[in-house]
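Each chain, written out:
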Amino acid sequence: MYKIFSLIFSVVLIISLTSCSKSNLEQFNPNAVSVDNGYQTEADITTGVYGVYQALRSSNCVGEGAQLWTDDRADDVNTTDNQSNNGEPFQFTAFSIVPSNSYLQSHWTALYTPISRANLILSIIPKITFANETTKTQYIAELKFIRAYMYFNLVREFGDVPLVTERLTTTEQAAALTFRVKKDDVYAQIVSDLKDVANSNLPVIQPAASKGRVSLQAANALLGQVYLTMATNLDASKAAENLNNAKTYLLACFNQKTFTNLSDIPFADVFDVNKKSTNAEIIFQIVYKQGDATYSSSLARTNQAKGETINSLFVSQGAGGLFTKDLLNEFETGDPRTAFSVKYATATSSYFITKFRDASAAASTLGYGGNDWILIRYADVILNLAEVYMYLNDNTNAIKYLDMVRARAGMPNYATMLGNAAYTSRYPTLKLAILHERRIELAFEHHRWHDLTRFFNATELVAYFNAKSQANFDNSPLTNCTTKDFYFPIPYNEYKLDPAKMYQNPGY
């Protein structure tokens, strides 16, 4: 029971950076024990580390249901219901988010929860004796990775954010740390943490029994992605340096692969629940347990359309996972990723998402699927490399990596597509061709919004959306998109703590 109290305490501490009052924080629970007394053995620390990983599963964080701040926010998915839940989910897709949006607050808190838990364990772990010091150093690396990953999401979505790398123990300490740190400094901390992870004794690849835990592959991939984002979102004078660093770490990850060619791994195999622990393309994933009411995946069930059986044995009465006509129009004719990712449902007269499937008896008619949620995979890394080389004006290598993904899909290479007038009309530059490939390859995997804010600055992003057809977005008004929408607003509960130090993003 003391482990549960310890984890609850860590969550309460991070809430002190949000909307809890001092009196609430100072309330004493006579049945609780101190955090230090709760973590006294290696087994206690192990439980605490699992608690950090567990926090990632939340749909408010980066779990499988976290589409509201990613695909919904972008141009892939439409939340068309502007009535349910006070219309708050609709605000994301309609570019009308207000700082008081409760979903926004939940997302902010959920991203800080793993940070708080990681900081707590990192403060205690040096004092704990381990049977093998290797285990301790690996735990430290895993915690730093998760902390960096959460800050990477925060800085991409909110810009300047509070940066806390220490354990919070008093309300005075929490108050002192409640201020937004410039995004350059947030990125510096992310890089520092990830360099420690990349130089750690973590395994290059986690064995099947440990899938879902951080590896050196994941550290190199994420650090490369961070540097790439820094190159496009920070000081332009440092872009070349950041791009070369991105290339270094992305290539390090690429060279750690255990397959020869991406084409050796069929696209459908990446999402096969029977191969999720052994698939060499998957770098980092959140593990879900097939058949379990609490820890199973609901992706196959929730995306299933009425009258369909392709996703799950669950009998759906709804329309399933819907997406924009704008995305449907982007799939190329004959691309097998189209047939695998989406399907037309006769009963609902609409397309629905079929990328995540578990129609096994083990998942049952309750739809308790075994799909893991993939956070990083090699097609993502390979297209990141194409992007890096493109920015470095090395189009030969950029096209080489782009073609690796197209070859796996059985699609014509980029040189061939340059002779296709329809293709070149839609993607007149290599940059837009790479963005297109990411959209199709990684559809519904929660990359789209972060891709758009990396490929475009705020002004370009507005132009990109304004150039689209409103007819392909139902009732989500594209004209609402302005430069303010590049970042989310700071949740009102955070802003009101100290309007000067927790200043609001422009336009809100």
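Residues numbered from 1 in each chain as written. Predicted model: local features only at pLDDT ≥ 70, side-chain atom pairs only at ≥ 80, totals over all residues. Heavy atoms only, no water.

**Looking at the overall build of the chain**
Then comes step 1: Broken down by element type, the chain carries 22 helices and 4 strands.
Then comes step 2: Computed over its C-alpha atoms, the radius of gyration of the chain comes to 22 Å, within 12% of the 23 Å expected for a compact globule of 508 residues.
Then comes step 3: Overall size of the chain, expressed as C-alpha extent along the three principal axes, is 70 × 55 × 50 Å.
Then comes step 4: In the chain, which comprises 508 residues, the share counted as buried stands at 56%.
Then comes step 5: A total of about 19,700 Å² of accessible surface is found on the chain, and carbon and sulfur atoms cover 53% of it. (Helix = DSSP H or I, 4+ residues; strand = E, 2+ residues; numbered from the N terminus. Rg over C-alpha atoms; globule rule 2.2 N^0.38 Å. Buried < 20%, exposed > 50% of the residue type's maximum accessible area, 1.4 Å probe, protein only. Areas by Shrake-Rupley, 256 points an atom, 1.4 Å probe, with all protein chains shown as cover.)

**As for helix 19 (residues 430-441)**
Then comes step 1: For helix 19, with 12 residues, the first-to-last C-alpha span of 16 Å sits near the 16 Å given by 1.5 Å per residue.
Then comes step 2: Within helix 19, 10 of the 12 residues are buried, which leaves the element mostly enclosed by the surrounding structure.
Then comes step 3: Listed in full, the buried residues belonging to helix 19 are Leu430, Ala433, Ile434, Leu435, His436, Glu437, Arg438, Arg439, Ile440 and Glu441. (Expected span 1.5 Å × (residues − 1).)

**Let's talk about unusual backbone geometry**
Then comes step 1: Unusually for a residue other than glycine, Asn86 sits at a positive phi of about 60°.
Then comes step 2: Relative to the elements of secondary structure, Asn86 occurs in the loop between helix 4 (42-55) and helix 5 (88-93).
Then comes step 3: Its relative accessible area of 74% is what places Asn86 among the exposed residues.
Then comes step 4: You will see that Ser364, though not glycine, has its phi angle at about 65°, which is positive.
Then comes step 5: Along the chain, Ser364 turns up in the loop between strand 3 (350-353) and strand 4 (373-377).

**A word on the environment of Gln54**
Then comes step 1: For Gln54, the position within the fold is in helix 4.
Then comes step 2: On the basis of relative accessibility, which here comes to 38%, the residue Gln54 falls in the partly exposed class.
Then comes step 3: With 387 residues separating them in the primary sequence, Gln54 and Glu441 have C-alpha atoms 27 Å apart.

**Considerations on the side chain of Asp335**
Then comes step 1: Residue position: Asp335 is located in the loop between helix 13 (325-328) and helix 14 (336-341).
Then comes step 2: Overall, the relative accessible area of 4% leaves Asp335 in the buried class.

**Some thoughts on the confidence of the model for the chain**
Then comes step 1: When pLDDT is averaged across the chain, the result is 93; 93% of the residues are at 70 or more.
Then comes step 2: Counting contacts from residues 1-32, a segment whose pLDDT is below 50, to residues more than four positions away or on other chains yields 55 contacts. (pLDDT = per-residue confidence, 0-100. Contact = heavy atoms within 4.5 Å.)

**Structural notes on the pairing of strand 4**
Then comes step 1: Burial within strand 4 is extensive, with 5 of its 5 residues counted as buried.
Then comes step 2: Of the strand pairs in this sheet, strand 1 (residues 282-286) and strand 4 are connected by 4 bridges, and their pairing is antiparallel. Residue pairing for strand 4: Gln285 is matched across the bridge by Ile374. (Pairing = 2+ DSSP bridges.)

**Let's talk about the pairing of strand 2 (residues 342-345)**
Then comes step 1: Bridge analysis of strand 2 against strand 3 gives 4 bridges, and the strand direction is antiparallel. Across the sheet, residue Tyr344 finds its bridge partner in strand 3, namely Tyr351.
Then comes step 2: Hairpin connection from strand 2 to strand 3: 4 residues lie between these consecutive antiparallel strands, with Ser349 at a positive phi of about 55°.

**Comments concerning the pattern of salt bridges**
Then comes step 1: Under the counting rule described, the total for this entry stands at 34 salt bridges.
Then comes step 2: Among the salt bridges present, the one from Asp326 reaches Arg439, with a minimum N-O distance of 2.8 Å. Linking Asp326 in helix 13 with Arg439 in helix 19, this pair joins segments that are 113 residues apart in sequence. Of the two residues, Asp326 and Arg439, neither departs from the other in class, the shared state being buried.
Then comes step 3: In this structure, Glu445 and Lys355 form a salt bridge, with 2.6 Å as the shortest nitrogen-oxygen distance. (Salt bridge = Lys/Arg side-chain N within 4 Å of Asp/Glu carboxyl O.)

**Topic: the environment of Pro207**
Then comes step 1: Of note, Pro207 is situated in the loop between helix 9 (183-198) and helix 10 (216-233).
Then comes step 2: Through-space distance from the C-alpha of Pro207 to that of Ser277 is 8.2 Å; in sequence the pair is 70 residues apart.

**Considering the environment of Asn457**
Then comes step 1: Tracing the sequence through the fold places Asn457 in the loop between helix 20 (448-455) and helix 21 (458-466).
Then comes step 2: When the C-alpha atoms of Asn457 and Thr483 are compared, they prove to be 8.7 Å apart, with 26 residues separating the residues in sequence.

**Here's the deal with the packing of aromatic side chains**
Then comes step 1: Scanning the model with the defined rule gives 31 aromatic pairs in all.
Then comes step 2: With a centroid separation of 6.4 Å and 70° between ring planes, the pair formed by Tyr414 and Tyr423 is classed as edge-to-face.
Then comes step 3: Of the aromatic side chains, those joined through ring pairs into one cluster are Trp69, Phe92, Trp108, Tyr112, Tyr151, Phe158 and Phe488.
Then comes step 4: In this structure, Arg73 packs its charged tip against the face of Trp449, placed 5.0 Å from the ring centre.
Then comes step 5: In this structure, Arg156 packs its charged tip against the face of Phe152, placed 3.7 Å from the ring centre. (Phe/Tyr/Trp six-rings, centres within 6.5 Å; stacked < 30°, edge-to-face > 60°. Lys NZ or Arg CZ within 6 Å of the ring centre and 35° of its normal.)

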